[in-house]
Every structure is written in C-alpha cells, then in structure tokens.
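Observations on the model geometry
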Amino acid sequence: MKIKAIADRVFIRVEPKQEKTPGGVLLAVDIEEPRTSGVVESVGEQVKTVKPGERVLFHVFDELETPDENVVVVRENSILGVLCDE
C-alpha cells in the first residue's frame, strides 16, 4: 500500500531495528529503543524543508503509527535535521 502525505505531514520509513552490532554482538531485545531516523517516503504539499529520499532525524514523541510498522508520520516541525554523508 502506498500512502500520500497531506498538509504538513511527512511519512518516514524508519531504519530497521538493530539485532547485532557491526562487530556481530547480539543486542538485548528486552528494552524497546525508539527509532528516530529514517528515509522520507512522502511529504505533504505544505512541506518545504525535506524531500522524498532524504535521510532525516525526527522527534520521537510526535510520531504516529501507520498500517506499516516501519513507517511513521510526523509533522514537518518534528524534523530535527537532514542526515548527510560528509
């Protein structure tokens, strides 16, 4: 299913939950850590600061769930920044 954002909403595909460290150590799954970064999937027509495909950091307390557990929706002002590969 594809969802199109409206108004000032931004749909973000969050990064997968980490099960191992880069060195191969298994991580405990007892405590659920919030996922606060991901790739923008869709933006509403009022959104001016981010574009689909950009990797962003967002405020975790403003997220709303969607039918896809790996996609959340936040308001544009919940975006804290765009992550760059520099």
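Everything that follows concerns the structure shown earlier in this document.
About the cut-offs
Residues numbered from 1 in each chain as written. Predicted model: local features only at pLDDT ≥ 70, side-chain atom pairs only at ≥ 80, totals over all residues. Heavy atoms only, no water. Helix = DSSP H or I, 4+ residues; strand = E, 2+ residues; numbered from the N terminus. Areas by Shrake-Rupley, 256 points an atom, 1.4 Å probe, with all protein chains shown as cover. Core = buried A, V, L, I, M, F, W, Y, C linked by side-chain atoms within 4.5 Å. Buried < 20%, exposed > 50% of the residue type's maximum accessible area, 1.4 Å probe, protein only. Contact = heavy atoms within 4.5 Å. Pairing = 2+ DSSP bridges. Polar contact = N/O pair within 3.5 Å; in protein donor to acceptor, adjacent residues only side chain to side chain. Salt bridge = Lys/Arg side-chain N within 4 Å of Asp/Glu carboxyl O.

**So, the overall build of the protein chain**
Looking only at helices and strands, the protein chain has 0 helices and 6 strands in total. Going from the N terminus to the C terminus, the protein chain shows its helices and strands as β-β-β-β-β-β. Looking at the protein chain as shown, the accessible area adds up to about 6500 Å², and 53% of this sits on carbon and sulfur atoms.

**Quick look at the nonpolar core**
Counting 12 residues, the largest nonpolar core consists of Val10, Ile12, Val14, Val40, Val43, Val47, Val50, Val56, Phe58, Val72, Val74 and Ile79. Sorting the residues of this core by element identifies strand E1 (9-14), strand E2 (37-43), strand E3 (55-58) and strand E5 (71-75) as the ones contributing at least two each. A total of 3 residues in this core trace back to one element, the largest contributor, which is E1. When near neighbours in sequence (up to four residues on either side) are disregarded, valine 47 contacts Ala7, Asp8, Arg9, Val10 and Glu76.

**Observations concerning the sheet that holds E2**
Taking strand neighbours across the sheet as the criterion, the 6 strands line up as E4-E5-E1-E2-E3-E6 in an open arrangement whose pairing is antiparallel. Of all the strands in the sheet, just strand E4 (64-65) and strand E6 (79-82) have a single pairing partner and so form its edges. Here 5 bridges tie E1 to E5, and the two strands are oriented antiparallel to one another. The residue bridging arginine 13 from the neighbouring strand is valine 71, located in E5.

**Quick notes on the environment of serine 42**
For serine 42, the position within the fold is in strand E2. The sequence separation of serine 42 and valine 73 amounts to 31 residues, and the corresponding C-alpha distance is 9.3 Å. Once you skip the residues sitting within four places of it in the chain, serine 42 turns out to touch Ile3, Lys4, Ala5, Arg9, Val10 and Phe11. At a separation of 2.9 Å, a polar atom in the side chain of serine 42 contacts the main-chain amide nitrogen of alanine 5.

**Focus: the pattern of salt bridges**
Evaluation of the coordinates by the stated rule reveals 4 salt bridges. Residue aspartate 8 is joined to arginine 75 by a salt bridge in which the shortest nitrogen-to-oxygen separation is 3.2 Å. Linking aspartate 8 in the segment before E1 with arginine 75 in strand E5, this pair joins segments that are 67 residues apart in sequence. Measuring nitrogen to oxygen at the nearest pair gives 3.2 Å for the salt bridge that ties aspartate 68 to arginine 13. One end of the pair, aspartate 68, is in the loop between E4 and E5; the other, arginine 13, is in strand E1, and 55 residues separate them in sequence.

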